[in-house]
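As a plain string of letters, each chain reads:
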There are 2 protein chains.
Amino acid sequence: MGKIITIGREFGSGGREFGRRLAEKLGYAYYDSEIINEICKGTKYSKEYIEQVSEKDPVPLFPIRYGNSFAIGPDPSVTMAMDVYKVQTSVLKEMASKSNCVIIGRAADYILKDLKPFSIFVYACIESRIERCQKREKENENFTFSQMKRKIKKIDKGRAKYYSFVSGKKWGDKNNYDLMINTSYTDIKRLVDMVTNLFE
Amino acid sequence: MGKIITIGREFGSGGREFGRRLAEKLGYAYYDSEIINEICKGTKYSKEYIEQVSEKDPVPLFPIRYGNSFAIGPDPSVTMAMDVYKVQTSVLKEMASKSNCVIIGRAADYILKDLKPFSIFVYACIESRIERCQKREKENENFTFSQMKRKIKKIDKGRAKYYSFVSGKKWGDKNNYDLMINTSYTDIKRLVDMVTNLFE
């Protein structure tokens, strides 16, 4: 088994950029939206639906880890979400088995815990996240500061809900990670160089 | 002004070792118990008293930052604690002004915030902290697992109380730090090498 680095990240913190640069620098495989594409191949559901339940909005009424095994509930939405979860788990395990890799989001640190990944959480203060998001805005978008703040909070809420749903733990709680990196005041490239040092 | 690295740390996490090694590696000054000695020179109080109020058990009934200025309360214990706090603040500022340095604990990240220190928080899971503490036990000490756990929790509670008393913020909350390092599963020397990279 190669080295696995998982990256949880607050929306707008630059966690994805951090992960991509880290993978490039280390010569590791990089998995982000690739995960969704692979799940698509393994299930009958649409990409949009998979994106929704694979990190944004799981089925909150029924815990996946019910009784330490997969429980098939009577509600079809639960069954569907669990189908995606099962395929996602095997996709992540397959990706991790192929080569050294960096995996973004999707509670991969928990799902792959038996493979002892090095888990990183990337975060930043809300002001710096709003600024980063505003810089990345598409031409037809024009979010105000408070609109952007609301958007960020909403996306983070979904990620927190998903993480807790899958792992039973609190998203962004330091005890779930080996390293927590604040991108508010330090250049991401410098932080990537720093972490690279740990794996060389 | 040189570079300032402040290190908050959970008891038993190896934060002090991390800080000492980092200072050695970078050739920075290292301040830990030196802070207490310097405060001793600047006040009339005993070393034991200063140790008590400078990080373990501040006066909790009266906030130091009352009305954004030092308020002298009628209670002599408050006045004494504030004397120490004032001397500690000037000692920390003087230390920081002399050369690049690593400062352990004492809410230095908050006290020196205008000097923009790089603030690190070192933590670990309770099992690894108990193990580390048991290895460091003196010959006449023989704490059981639960006794050691109680001791660790008590010391951390004091640190959290002190930090919150001085800064009004939560000790160990990721938003107060640039980097949070978990020493449970990664060798401290490797983590020191990693962080060194950021300052070279």
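Definitions and cut-offs
- Residue positions are given per chain, counted from 1 along the sequence in the order it is written.
- The naming scheme follows written order: chains are lettered A onward, ligands numbered 1 onward.
- Local features in this predicted model are restricted to residues of pLDDT 70 or higher, and side-chain atom pairs are both shown and tallied only at a pLDDT of 80 or more, whereas totals for entire chains, interfaces and linings draw on every residue.
- Hydrogens and waters are ignored; side-chain quantities use all the structure's heavy atoms.
- When DSSP finds two or more bridges between two strands, those strands count as paired.
- Secondary structure elements follow DSSP: runs of H or I no shorter than four residues count as helices, runs of E no shorter than two count as strands, and numbering proceeds from the N terminus.
- A fitted line through C-alpha atoms serves as each axis, taken over the contacting stretch for helices, and the angle formed by two N-to-C directions is quoted from 0 to 180°.
- Pairs of residues are marked as contacts when any of their non-hydrogen atoms sit within 4.5 Å.
- The term buried area denotes the loss of accessible surface (1.4 Å probe radius) that occurs when two parts are joined, taken as the sum for both partners.
- A pair is scored as a salt bridge if a Lys or Arg side-chain nitrogen falls within 4 Å of a carboxyl oxygen belonging to Asp or Glu.
- Whenever a nitrogen or oxygen atom comes within 3.5 Å of another N or O atom, the pair is scored as a polar contact, on the condition that within protein one atom can donate a hydrogen and the other can accept it, and that pairs from neighbouring residues in sequence are kept only if both atoms are in side chains.
- Amino acids outside the nonpolar list (Ala, Val, Leu, Ile, Met, Phe, Trp, Tyr, Cys, Pro) and the charged list (Asp, Glu, Lys, Arg) are all regarded as polar, and Gly is one of them.
- Note on terminology: a nonpolar core comprises buried Ala, Val, Leu, Ile, Met, Phe, Trp, Tyr and Cys residues joined through side-chain atoms within 4.5 Å.
- Burial here depends on accessible area, computed with a 1.4 Å probe over protein chains only, as a share of the maximum for the residue type. Under 20% is buried, over 50% is exposed, and the range in between is partly exposed.
- Take the residue count of a helix, subtract one, and multiply by 1.5 Å to get its expected span.
- Here, the arc refers to the directions that run from the helix axis to the C-beta atoms.

Take the sheet that holds strand β4 (residues 118-123) of chain A next. If you trace the ten strands from one edge of the open sheet to the other, you get β2(A)-β3(A)-β1(A)-β4(A)-β5(A)-β5(B)-β4(B)-β1(B)-β3(B)-β2(B), paired in mixed fashion. One side of each edge strand has no neighbouring strand; the edge strands of this open sheet are β2 (29-31) of chain A together with β2 (29-31) of chain B. Within the sheet, the average angular offset between the axes of one strand and its neighbour, ignoring direction, is 20 degrees. Judged from the four bridges that link them, strand β1 (residues 4-9) of chain B and strand β3 (residues 101-104) of chain B form a sheet pairing that is parallel. For Thr6 of chain B, the partnering residue across the bridge sits in β3 of chain B and is Ile103 of chain B.

Here we take up the interface of chain B and chain A. Taken together, the 22 residues of chain B in the interface contact 22 residues of chain A. In this assembly, chain B packs against chain A so that about 1900 Å² is buried in total across both faces, 53% of it on carbon and sulfur atoms. In terms of surface lost to chain A, no three residues of chain B exceed Lys174, Met194 and Leu198 of chain B, which account for 32% of the buried area on that side. Linking chain B with chain A are two salt bridges, by the criterion used here. Lys174 of chain A is paired through a salt bridge with Glu10 of chain B; the nearest N and O atoms lie 3.7 Å apart. The interface formed by chain B and chain A holds eleven residue pairs in polar contact (both at pLDDT 80 or more) in total. Sorting the residues of the side of chain B that touches chain A by element identifies β4 (118-123), β5 (179-182) and α8 (188-199) of chain B as the ones contributing at least two each. Tallying contributions element by element places α8 of chain B first for the side of chain B that touches chain A, with seven residues. Tallied by class, the residues present in the side of chain B that touches chain A amount to twelve nonpolar, five polar and five charged. Summarising the sheet, strand β5 (residues 179-182) of chain A and β5 of chain B pair through three bridges and their orientation is antiparallel. Paired with Leu179 of chain A across the strands is Ile181 of chain B, a residue of β5 of chain B.

Turning our attention to the nonpolar core. Soluble, globular proteins show a tendency: their nonpolar side chains are buried together. By size, the foremost hydrophobic cluster in this structure holds 66 residues, and its most contacted members are Ile103 of chain A together with Ile103 of chain B. In this view, Ile103 of chain B contacts Ile4, Ile5, Thr6, Ile7, Tyr31, Ile35, Leu92, Ala108 and Leu112 of chain B; residues no more than four positions away in its chain are not counted. Tyr30 of chain A together with Phe18, Tyr30 and Val102 of chain B belong to the second largest nonpolar core, which has 44 residues in total.

In the structure shown here, the tally under the stated rule is 20 salt bridges over all chains. Of the charged contacts, one joins Asp32 of chain A and Arg106 of chain A as a salt bridge, the two residues approaching to 2.9 Å between their closest N and O atoms. Here Asp32 of chain A is found in the loop between β2 and α2 (33-42), whereas its partner Arg106 of chain A is found in the loop between β3 (101-104) and α5 (108-111), with 74 residues between them in sequence. Its relative accessible area of 5% is what places Asp32 of chain A among the buried residues. Residue Lys135 of chain B is joined to Glu131 of chain B by a salt bridge in which the shortest nitrogen-to-oxygen separation is 3.5 Å. Of this pair, Lys135 of chain B and Glu131 of chain B both sit in helix α6 (residues 126-135), four residues apart, which is roughly one turn of that helix.

Working note: α-helix, 3.6 residues per turn, so residues spaced by three or four point in the same direction. Residues and elements named next belong to chain A. Helix length check: helix α1 (residues 15-26), at twelve residues, gives a terminal C-alpha distance of 16 Å against a target of 16 Å (1.5 Å per residue), a fit within 8%. Those residues of α1 lying buried are Gly15, Phe18, Gly19, Leu22, Ala23 and Leu26. Each buried residue of α1 sits inside an arc of 125 degrees when the element is viewed along its axis, so together they form one side. In this structure, the buried residues of α1 make contact with β1 (4-9), β2, β3, β4, β5 and α8 (188-199). A positive backbone phi angle near 70 degrees is found at Gly27, which sits one or two residues after α1.

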